[in-house]
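Below are the chains, spelled out letter by letter.
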Amino acid sequence: MTGFVSIVGAGPWDPELLTLAGRERLTRADVVIADYLVNPALFTHCRADVHLFQRTESPHAGAHGEPVPDQEAINRLMVERAAAGLYVVRLKGGDPMVFGRGAEEAEVLAARGIPFEFVPGVSAAIAAPEAAGIPVTHRDHAPCVSLVSGYEAYEKGGRAVDWELLAKGTGTLVLMMSVRNCRQNADRLIAAGRDPATPSAVIRWGTRGIQRTVIAPLAQIADRVEAEGLRPPAVMVVGSVVDLRRTTQWFERRPLFGKRVVVTRARHQASELLQLLAGQGADAVSVPCLDIAPPEDLSALSGAAQSLDEVDGVILSSPNGVRAWFDALAGLELDVRALHGKCLAAIGTGTANACWERGIRPDIVPSAARSEGLVETLASRGLLARRWLHVRADEGRDLIAEAVRAAGGTYRLVIGYRVIRPKVPSLLTRSLLPPEHGGEGTDAICFASGKTARHFVETLTEAHGEALTREVLRRARLIALGPVTAGALESMDLRPDAVAGGLTDEAMLSAVVEAMSRG
């Protein structure tokens with residue numbers, strides 16, 4: 001049975017610029033083949049079992065999935081996987097039909113009889129200038145806009161750019177892939193008749209939290225680009241609309257602009273915080289330091305679900321624990337009715353919300369979302385001496401068990417899931433290093449637990465050694481989700497620079513903004 005290929009535009013970088021149609025395609029994909037410039041935050045929309053491939057700068061660069069070295073390999077993958085009956089998403093930066101080779105890939109699929117579709121995306125040709133406060137059209141400046149390849153590949157194919165026509169036009173010029181050829185392209189425009197004083201801009205990483213914009217007259221723009229050390233990816237804008245940036249600049253004025261903030265949560269749990277950080281201008285980077293795996297002994301969880309008549313209540317410590325517990329009930333063809341008459345305690349609003357999603361309201365949600373808060377609440381209601389079943393991860397503190405037993409109750413611990421350390425691509429870990437060591441630097445790191453902190457240190461140490469890992473941690477502001485995580489950091493000789501006041505993404509965002517505002 002033949003599968004299907006969706007050629008999807010991912011937008012320029014900002015994960016919120018992915019279209020609803022693009023997100024829907026990612027949620028259904030069996031296989032995703034992504035470009036190098038696609039924001040890895042978009043992969044959080046995919047199923048856990050998706051087979052992910054990503055184009056790399058070089059065969060040794062590493063990727064967020066299996067590396068794909070060149071266009072020929074991409075074409076082969078699309079054909080092979082779709083021919084095997086799988087649903088393939090070809091995820092391309094910007095829009096697939098604007099200098100994206102989307103039509104070329106569709107021609108390959110059509111020749112093999114494989115059905116496909118195009119899902120438009122936001123083009124960097126429009127979005128990058130807009131993020132820099134530069135409109136590509138304006139009633140007082142430019143009646144039209146020309147999107148131009150600044151790369152010589154088209155010339156080699158016998159389709160040279162008509163520089164004279166562009167130079168004499170009255171519209172805005174947006175040159176794609178034009179950083180390395182910036183001087184040559186500027187000289188060509190001037191030689192063809194464009195005024196050397198024409199306002200010009202080069203925008204690197206448009207819509208990303210580390211966006212950089214260089215402004216100069218056309219005759220001097222190449223000198224400025226070289227002086228600032230700008231590298232691809234970038235777009236070049238030529239026209240009087242560039243002057244409007246003085247009044248319409250907005251992107252760089254957000255509180256976290258220019259700050260790289262690392263989120264260390266499990267990939268499927270990072271999306272909301274990444275979007276909140278990006279909305280405040282941060283370059284939010286997902287470095288997954290946790291992954292969830294089934295317990296080594298599944299029979300214990302099933303046995304506990306079969307023995308509910310032996311307990312008075314169930315304690316669930318996390319959304320992952322909620323999923324594991326209700327999956328165990330479902331495996332026995334049971335549902336929420338099995339908990340009738342049992343006291344259900346959920347630690348944290350996230351855990352409580354996960355229970356709501358399963359159709360049941362927790363009886364106890366302590367105001368302090370940690371073990372101490374639950375013990376205090378149970379004690380105040382005279383419930384510590386009951387028979388309790390606790391479903392949590394393979395590692396945790398014994399505080400609840402000690403308090404229940406000390407009060408004369410019984411406590412049974414069942415491991416609902418294991419927290420493991422996933423493999424992180426070398427391309428991603430290298431980007432966290434200071435610029436003098438080949439990276440882009442790290443301004444803040446968000447830790448939701450002591451385990452994420454340990455895994456982060458272990459992952460970075462394995463990839464780049466202890467000295468560089470310590471240097472990354474020394475330069476970054478360390479943000480802890482709650483006092484328990486803060487204590488875990490301190491036990492590792494790491495100083496938390498801010499502690500989120502609550503166990504929510506909004507509280508973590510506030511802590512990051514507060515920490516970065518100190519200068």
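Trainee: Explain the pattern of salt bridges to me, please; I cannot follow it from the model alone.
Mentor: Side-chain pairs of opposite charge can arise whenever the charged atoms involved come near each other. Under the defined criterion, the tally for this structure stands at 35 salt bridges. Where Asp-327 meets Arg-358, a salt bridge forms, and the shortest distance between an N and an O atom there is 3.8 Å. Of the two residues, Asp-327 sits in helix 12 (residues 319–331) while Arg-358 sits in the loop between helix 13 (349–357) and helix 14 (371–380), which places them 31 residues apart along the sequence. Judged by relative accessible area, which is 33%, Arg-358 ranks as partly exposed. Here Glu-458 makes a salt bridge to Arg-421, at a shortest N to O gap of 3.2 Å. Note that Glu-458 is positioned in helix 17 (residues 450–464) and Arg-421 in the loop between strand 18 (410–420) and helix 16 (426–431), a separation of 37 residues in sequence. Classification of Glu-458 as partly exposed rests on a relative accessible area of 36%. Arg-421 gets classed as partly exposed once you look at its relative accessible area, which sits at 30%.

Trainee: Would you take a moment to explain the confidence of the model for the chain for this structure?
Mentor: Detailed reading of predicted coordinates is not advised where the pLDDT is low. Mean pLDDT over the chain stands at 91; residues scoring 70 or higher make up 97%. Counting interchain partners and residues more than four positions distant, the pLDDT-below-50 stretch residues 58–63 has ten contacts.

Trainee: So what exactly am I meant to see when it comes to helix 3 (residues 102–111) here?
Mentor: If you check which residues of helix 3 are buried, you get Gly-102, Glu-105, Ala-106 and Leu-109. Projection of helix 3 onto a plane perpendicular to its axis shows the buried side chains occupying an angular sector of 100°, all on one side. Helix 3 presents Glu-107 and Ala-111 as exposed residues on the side facing more than 90 degrees away from its buried surface. Of the surrounding secondary structure, the elements contacted by the buried residues of helix 3 are strand 1 (4–9), helix 2 (71–83), strand 5 (87–92) and strand 6 (116–119).

Trainee: How do you make sense of the sheet that holds strand 15 (residues 313–316) when you look at a structure like this?
Mentor: Spatially, five strands are ordered 14-18-17-15-16 in an open sheet, and the strand pairing comes out mixed. Two strands bound the open sheet, and with one partner strand each, they are strand 14 (291–293) and strand 16 (343–346). Mean inter-strand twist for the sheet, computed between neighbouring axes without regard to direction, equals 25°. Bridging between strand 15 and strand 16 involves four bridges; their strand directions are parallel. Bridge pairing in strand 16 places Leu-316 opposite Ala-346. The sheet strands contacting helix 11 (residues 298–306) are strand 17 (387–393) and strand 18, and the helix crosses strand 18 at an angle near 140°.

Trainee: Where do I start with helix 4 (residues 124–131) in this structure?
Mentor: The periodicity of an α-helix, 3.6 residues per turn, causes residues three or four places apart in sequence to face the same way. Listed as buried for helix 4 are Ala-125, Ala-127, Ala-128, Pro-129 and Ala-131. Measuring from the backbone nitrogen of Ala-125 back to the side-chain oxygen at the start of helix 4 gives 3.1 Å, which picks out Ser-123 as the cap. Of the residues one or two after helix 4, Gly-133 is the one with positive phi, at around 80°.

Trainee: What's the story with the environment of Ile-134 in this structure? I'm lost.
Mentor: Within the secondary structure layout, Ile-134 lies in the loop between helix 4 and strand 7 (145–149). Taking C-alpha positions, Ile-134 is 31 Å from Pro-434, a pair spaced 300 residues apart along the chain. The contacts of Ile-134, once residues within four sequence positions are left out, are Pro-129, Ala-201, Ile-203, Ile-215, Val-237, Val-241, Val-242 and Arg-245.

Trainee: Could you clarify how one ought to interpret unusual backbone geometry in this entry?
Mentor: With glycine set apart, most residues show a phi of negative sign, and most peptide bonds adopt trans. In the segment running from Pro-232 into Pro-233, the intervening peptide bond is cis, with an omega of 5°. Looking at where Pro-233 falls in the secondary structure, it is placed in the loop between helix 8 (221–228) and strand 11 (234–238). At Arg-101, a position not held by glycine, the phi torsion is positive, near 60°. Assignment of secondary structure puts Arg-101 in the loop between strand 5 and helix 3. Overall, the relative accessible area of 43% leaves Arg-101 in the partly exposed class.

Trainee: Sorry if this is basic, but what is going on with the pairing of strand 15 here?
Mentor: Successive residues of a regular strand alternate their side chains across the two faces of the sheet. Burial along strand 15 is two-sided: Gly-313 and Ile-315 facing one way and Val-314 and Leu-316 facing the other are all buried. Taking the sense of rotation as the criterion, the β-α-β connection linking strand 15, helix 12 and strand 16 turns out right-handed. With four bridges joining them, strand 15 and strand 17 adopt parallel strand pairing. Across the sheet, Gly-313 pairs through a bridge with Trp-388, a residue of strand 17.

Trainee: How should the sheet that holds strand 20 (residues 477–480) be read in this particular structure?
Mentor: In spatial order, the strands read 13-12-19-20-21; together these five strands make up an open sheet with parallel pairing. Sheet topology places strand 13 (283–286) and strand 21 (498–499) at the edges, where each strand pairs with a single neighbour. Bridge count for strand 12 (residues 260–263) against strand 19 (residues 444–447) is three bridges, and the pairing is parallel. Note on strand 19: the bridge partner recorded for Val-263 is Cys-446. The sheet contacts of helix 10 (residues 271–279) involve strand 12 and strand 13, and relative to strand 13 the element is tilted by about 160°.

Trainee: I would appreciate a short explanation of the environment of Asp-95 in the present structure.
Mentor: Summarising the element assignment, Asp-95 is placed in the loop between strand 5 and helix 3. Take Asp-95: its relative accessible area is 13%, and that puts it in the buried class. Residues Asp-95 and Leu-175 lie 80 residues apart in sequence; the distance between their C-alpha atoms is 15 Å. If we ignore the near neighbours within four places in the chain, the residues touching Asp-95 are Gly-9, Gly-100, Pro-120, Gly-121, Val-122 and Ser-123.

Parameters and conventions
- Residues numbered from 1 in each chain as written.
- Predicted model: local features only at pLDDT ≥ 70, side-chain atom pairs only at ≥ 80, totals over all residues.
- Heavy atoms only, no water.
- Salt bridge = Lys/Arg side-chain N within 4 Å of Asp/Glu carboxyl O.
- Helix = DSSP H or I, 4+ residues; strand = E, 2+ residues; numbered from the N terminus.
- Buried < 20%, exposed > 50% of the residue type's maximum accessible area, 1.4 Å probe, protein only.
- pLDDT = per-residue confidence, 0-100.
- Contact = heavy atoms within 4.5 Å.
- Arc of directions from axis to C-beta.
- Pairing = 2+ DSSP bridges.
- Axes fitted to C-alpha atoms, helices over the stretch in contact; angles between N-to-C directions.
- Polar contact = N/O pair within 3.5 Å; in protein donor to acceptor, adjacent residues only side chain to side chain.
- Right-handed = clockwise from strand over helix to strand, strands pointing away.

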